[in-house]
Amino acid sequence: MKQTTIDGIALNLASPVSLALKWVGQEELLTQLLAAWMVIDERDIPFNPRLVGRPGVGKTTLAYAAALRLGRPVYLYQATMDTRPEDLIISPVISPDGKIQYAASSLVSAMLAGGVLILDEGNRMSEKAWASLAPLLDDRRYVESIVTGLRIPAARNFRIVVTMNEDSSTFEVPEYIHSRLQPQIYIDFPAADEELLILRENLPFSSGRILQYVVDFLQRAHAADESYSVRDGINIARYALKMMHMQGTEAALLLPLAVERVLGNEALEYLDHP
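About the cut-offs
Residues numbered from 1 in each chain as written. Predicted model: local features only at pLDDT ≥ 70, side-chain atom pairs only at ≥ 80, totals over all residues. Heavy atoms only, no water. Helix = DSSP H or I, 4+ residues; strand = E, 2+ residues; numbered from the N terminus. Buried < 20%, exposed > 50% of the residue type's maximum accessible area, 1.4 Å probe, protein only. Contact = heavy atoms within 4.5 Å. Areas by Shrake-Rupley, 256 points an atom, 1.4 Å probe, with all protein chains shown as cover. Arc of directions from axis to C-beta.

Broken down by element type, the protein chain carries 10 helices and 11 strands. Across its three principal axes, the protein chain shows a C-alpha extent of roughly 65 × 45 × 35 Å. Per-residue burial for the protein chain yields a buried fraction of 50% across its 274 residues. Across the protein chain, every contact between residues at least 6 apart in sequence was considered, and the portion connecting residues at least 24 apart equals 70%. Carbon and sulfur atoms make up 51% of the accessible area of the protein chain, which amounts to about 13,600 Å² in all.

Structure (structure tokens):
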């Protein structure tokens, strides 16, 4: 575990993540995110973009792909409704010898390392948690730790992106935070050809016939404004393939079972049975 010292206080730093994620298709969205992070003058500062869309459309994958394009270490923080300000910044922990140590969050570790922080599902956090990030998200570019009394500035090449799901189990983001999370980049369901590419990337061991059935199912569901995502499609195809290996039955014939197990009976109406 790496350590750094600020004003005489030692901090244990979180490690960057390495994820098996690859962004496929919709290159324009990747360009938009990279442009938001760009700095074009010494007096310029990067934006703090937010990626908005339904669950499963690839917001985290897009953020990770953009961070890799920058060649920066990537840090991930999963926000929840229980996230506290100290969770986002610095937390006291007990070491094996019984002494108090200070653990820097993924966010603070990214700030110090000049990495990219993906704040996942940010609109699950309360206003109290968001308030602790307000100075980081404007021209000040720092956070303050109540636990240690430290003011921690972000490295100039630090970048942050916030993903937000469109669902009902979230808090309203305060307006003063909302205005700091710009621009908003909306991720919609991909077109059929892009959806097929995504499925092929994630399931290279599947036949094209199975993947096309799943794409057709997803496209019908999208047209009916259902929330079924390409992530659901990957899970459906993967489960059908696993059942095929267990039973020796053709995977296409197992798609109704896979759809029912992943999404429920109501999803079967969008499946064109092979």
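Let us keep going from here.
Quick look at helix α10 (residues 255-263) now. Leu255, Pro256, Ala258, Val259 and Leu263 are the residues of α10 that are buried. On an axial view of α10, the arc spanned by its buried residues comes to 160°, and they lie on one face. In the core, the buried residues of α10 are packed alongside α8 (208-223) and α9 (230-247). Directly beyond the C-terminal end of α10, a positive phi value near 100° is found at Gly264.

Interpretation in functional terms is not warranted from these geometric data alone.
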